[in-house]
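Per-entry structural report
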Amino acid sequence: MSGAGNEQKTVKLSAGQKLRRFVAYYRPHGWLFVLDMGSALAQAGFTILLPLVTYRVFDEALPERNWTLLWWLLAALLVLAALTAAGDFISTRWGHVLGVRMEADMRADLFRHLQKLSFGYFDRTKTGHLMSRISNDLTQIAEAAHHGPEDLLIASITLIGAFGTMFYLNWKLALITLIPLPFVVLWGVIFRRRMHEGFQRVRIEVAEINSRVENSIQGIREVKSFTNEPYEFERFVEVNRNFRLARENVYGAMANFHTGISFLMQCYSLLFIGAGAVLVFRGNADLAEVITFFMYSRYIVMPIFRMVAFVEQFLQGITAFERFLEVMQESPEIVDRPGARPLTSPRGEVKFRGVNFHYPGRGGEGEGEEEWRLQNIELEAPAGKLVALVGESGAGKSTIAALIPRFYEIDSGSLTIDGQEVSELTQRSLRQNIGIVQQSPFLFDGTIGENIRFGKPEATDEEVAAAARAANIYDYIVSLPEGFDTLVGERGVRLSGGQRQRISIARVFLKNPPILIFDEATSALDNQSEALIQQSMAELCRNRTTILIAHRLSTVRHADLIYCLRGGKVVEHGTFEELMAKKGYYYELHTMQVG
């Protein structure tokens, strides 16, 4: 059957769709958004009133020597200043809470979506890039989500209110003050694209740095064992230089943007003074109006600066949100098909019939037969039997193991469990019935008990202990001061290879699946560790269908069936005695290895 699900599916969103996706994250926190916008609106209103009250001080209270009115107006100024400060407190406190909660929602959605994606996506995507998107990018989005609407509202209301009031007081002077605004807008348009492109480049380079650092730290033992610290540093210097240049370029654009805006704003205040002096001299304005307009010049400059900050933050936020959507728009290459049914009470019979497979993006049909990873595979693992896969490295053994739980989709042929096509089963039920032990098992950075319990999260302490006993690791665990609460370190670095392997086997014991896959589980271990693990494996394999991928041929001697792979093809199969009698490929491998 065809593996049409192998193709990557990405949907391109329009600007309107992106906006709706972004706005959707405000809905669960509507009351915070209303509170933030309400405080922003109040700040803008109080800011507009301050110069008006000041105008009354100079236009009415002082000329009329009305001390009562003066004291009332001064008290009003104090109250307005206090209310403005209170609005600023609410915006700063709860506006940031809004941003943080939206960021947490996005991070949860992104992590949940990553869990759904197929292996193919992770094969072609650097971990450092994903880490950059789930941390740095989302923080940038949160800042834009909080400050963007708030700054836009405050700036818009303040500008509209200020200019409206100025036109009401003196339309001639107000008209003159509009002159610099087109230059401000033009300057922003010129540098908008440059800044947007610059921020995109910075995000890419941040991801590259994360990826480089992560690789170097994870491979620190290899780096030191090969004394390649200088080489690693040179590689880091290169990505660090690219990041520095990207930031220097974007800051160059920002400097031009801010310098031009600042110059225009300074000219703006000078324009109020110069134009006001001329109008006063000609009798078209009075001193109270000039003082009031000068105050408004400050309250106009501030919202314009907010607009500038909004543009800058919006560009960074929209760039980060686009990168967030890039991941969210990735569709799993392997999905449950319509009408997929659960795998219930399986006996564990696995059959490959004419299976062909190539990894996505690495060749396949029409690209030359040599590009196929598996070709016309005919293989059968009877229920409850031990089937071994042997062959040279790259023959396709691990690929076969990855196809059984449907980590990848076959291109053609048939792969069944108990006669049911794997592609017609739900992925969850399929994988719940398969246990996998890798050559290099992954342990999470937690305790030994947590790593064993990963096989069955709801397991009791007694079940965890029983699994550890079955895996021949219990005595070692209880000998430790912290017992099952002992931390294993990142990737299990505090444990030996044999101990990590036995913990991973205990994890599978706890899962208790009817089908087992051992992918060269003992090839990297010493003889003592191998002997302990062989005992655990023998106990675990009892009455289960087991696929055993082995490098050491001595470990497959007692398998019920042995399949020999070469170049992605099954070249022969049979029992150990039958294969030795044939004196074919298996006999050659056995002779070279065992003698």
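What counts, and where the lines are drawn
Residues numbered from 1 in each chain as written. Predicted model: local features only at pLDDT ≥ 70, side-chain atom pairs only at ≥ 80, totals over all residues. Heavy atoms only, no water. Helix = DSSP H or I, 4+ residues; strand = E, 2+ residues; numbered from the N terminus. Buried < 20%, exposed > 50% of the residue type's maximum accessible area, 1.4 Å probe, protein only. Areas by Shrake-Rupley, 256 points an atom, 1.4 Å probe, with all protein chains shown as cover. Phe/Tyr/Trp six-rings, centres within 6.5 Å; stacked < 30°, edge-to-face > 60°. Pairing = 2+ DSSP bridges. Axes fitted to C-alpha atoms, helices over the stretch in contact; angles between N-to-C directions. Expected span 1.5 Å × (residues − 1).

1. Structural notes on the overall build of the protein
When its secondary structure is counted, the protein shows 19 helices and 12 strands. In the protein, which comprises 595 residues, the proportion classed as buried is 49%. A total of about 30,000 Å² of accessible surface is found on the protein, and carbon and sulfur atoms cover 58% of it.

2. Comments concerning the packing of aromatic side chains
Applying the stated criterion across every chain, the model contains 11 aromatic pairs. Measuring from centroid to centroid gives 6.2 Å for Trp 31 and Trp 94, while their planes differ by 55°, and the two rings are tilted. Here Trp 94 lies in helix 3 (residues 67-116) and Trp 31 lies in helix 2 (residues 30-64), a separation of 63 residues in the sequence. Residues Phe 442 and Phe 444 carry aromatic rings whose centres are separated by 5.1 Å and whose planes lie at 80° to one another, so their mutual orientation is edge-to-face. The class for Phe 442 is partly exposed, based on a relative accessible area of 37%.

3. As for the sheet that holds strand 11 (residues 561-566)
In space, the 6 strands of this open sheet follow the order 8-9-10-5-11-12, with mixed pairing throughout. The open sheet terminates on both sides in strands that have one partner only, identified here as strand 8 (434-437) and strand 12 (569-574). Mean inter-strand twist for the sheet, computed between neighbouring axes without regard to direction, equals 20°. Direction of pairing for strand 11 relative to strand 12: antiparallel, over a ladder of 5 bridges. Within strand 12, the residue paired with Cys 564 across the bridge is Glu 572.

4. Comments concerning helix 16 (residues 497-511)
Taking 1.5 Å as the rise per residue, helix 16 with 15 residues should run 21 Å; its terminal C-alpha atoms sit 21 Å apart, in good agreement. In terms of burial, helix 16 is largely enclosed, as 12 of its 15 residues are buried. Among the residues of helix 16, those classed as buried are Gly 498, Gln 499, Gln 501, Arg 502, Ile 503, Ser 504, Ile 505, Ala 506, Arg 507, Val 508, Phe 509 and Leu 510.

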